[in-house]
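# Observations on chain architecture
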Amino acid sequence: MQTDELTAVRVLEGPRVRLVPLGPEHFDSVWEGLHDAESMRLTGTRTRFTEAAVAAHLARIGAADDRADWAILDRSTGDYLGEIVLNELDEDSASMNTRIALAPGFPGRGYGTEAMTVMLDHAFAEIGLHRVGLDVYAFNPRALRSYEKAGFVVEGRQRDTLLWEGEWTDSILMSVLATDPRPTFR
Ligand SMILES: CC(C)(COP(=O)(O)OP(=O)(O)OC[C@H]1O[C@@H](n2cnc3c(N)ncnc32)[C@H](O)[C@@H]1OP(=O)(O)O)[C@@H](O)C(=O)NCCC(=O)NCCS
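Just so it is clear, the structure is predicted and the values come from calculations on it, not from any experiment. (Residues numbered from 1 in each chain as written. Predicted model: local features only at pLDDT ≥ 70, side-chain atom pairs only at ≥ 80, totals over all residues. Heavy atoms only, no water.)

### What about the sheet that holds strand β6 (residues 131-137)?
Pairing is mixed across the open sheet formed by 8 strands, whose spatial order is β1-β2-β3-β4-β5-β6-β8-β7. In the strand order of this sheet, the two ends are held by β1 (12-13) and β7 (153-164), each with one partner. Relative to strand β8 (residues 167-177), β6 runs antiparallel, the two being bridged by 7 bridges. Within the sheet, the bridge partner assigned to L134 lies in β8 and is M174. (Pairing = 2+ DSSP bridges. Helix = DSSP H or I, 4+ residues; strand = E, 2+ residues; numbered from the N terminus.)

As structure tokens, this is what we get:
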């Protein structure tokens, strides 16, 4: 594994998206996403973050050696589209977790699948990961479909992991291995 790729996060490019290191300059967009009701539901976010906590997080992650956070930008306009992260490093097993969230207005246009594909290209070829995992709530078929398009396969299901507005939801566990077939922009 090349853990220096986590310390100095590279700019990555796909046909329509550019992934740049997430940092303090993205505060306004990140703050907005954290308060969007639909995004909060889809990610199961209940925490009420303070401005100081979000600012401190954005200032800290650039130097972290166990995660890589990117802002997803529109390559042609520079507009902020969302964020994607590799976290939960298990260096001995070359394994990490990922999560992604597009900003309101951008889901359903292929940006998320492209960002995930570009990030996975990098995760396997440059960082040297063997496995990338994630979990997604069963009430989010758009995310499930996007992850399958990017090469993830369903591994299992955790029952009733979230109680949201009186309804229980399961978590679907997915992963993609370096050896799995998947689309690539390389
Ligand atoms: C999840 C996410 C990253 C996916 O990226 P995206 O760019 O929106 O995904 P795409 O547009 O490439 O693909 C969405 C797919 O879901 C399908 N889809 C959309 N709504 C669907 C539904 N209700 N049921 C089944 N499939 C659905 C689309 O048809 C498309 O598949 P297709 O290309 O085969 O037609 C993005 O939607 C997002 O960030 N959403 C908000 C936050 C979120 O859900 N985060 C994930 C938490 S685990």
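### Structural notes on the site of the ligand
In the vicinity of the ligand lie 21 residues, with L102, G108, G112, T113 and K149 positioned nearest. The contact in question runs from an oxygen atom of the ligand to an N or O atom on the backbone of R109, over 3.3 Å. In the model, an oxygen atom of the ligand is placed 2.7 Å from a nitrogen or oxygen of the K149 side chain. Calculation on the ligand without its partners gives an accessible area of 960 Å², and the protein chains cover 72% of this total. (Near = heavy atom within 4 Å. Polar contact = N/O pair within 3.5 Å; in protein donor to acceptor, adjacent residues only side chain to side chain. Areas by Shrake-Rupley, 256 points an atom, 1.4 Å probe, with all protein chains shown as cover.)

### Some words on the packing of aromatic side chains
One pair of aromatic rings is described through two measures. These are the centre distance and the angle between the planes. Summed over the entire model, instances satisfying the criterion amount to 4 aromatic pairs. Arranged with centres 5.7 Å apart and planes meeting at 15°, the rings of F27 and W31 form a pair that is stacked. Placement of both F27 and W31 in helix α2 (residues 27-34) is noted, with a separation of 4 residues, approximately one turn of the helix. By relative accessible area, F27 is classed as buried at 17%. Given the relative accessible area of 22%, W31 is considered partly exposed. (Phe/Tyr/Trp six-rings, centres within 6.5 Å; stacked < 30°, edge-to-face > 60°. Buried < 20%, exposed > 50% of the residue type's maximum accessible area, 1.4 Å probe, protein only.)

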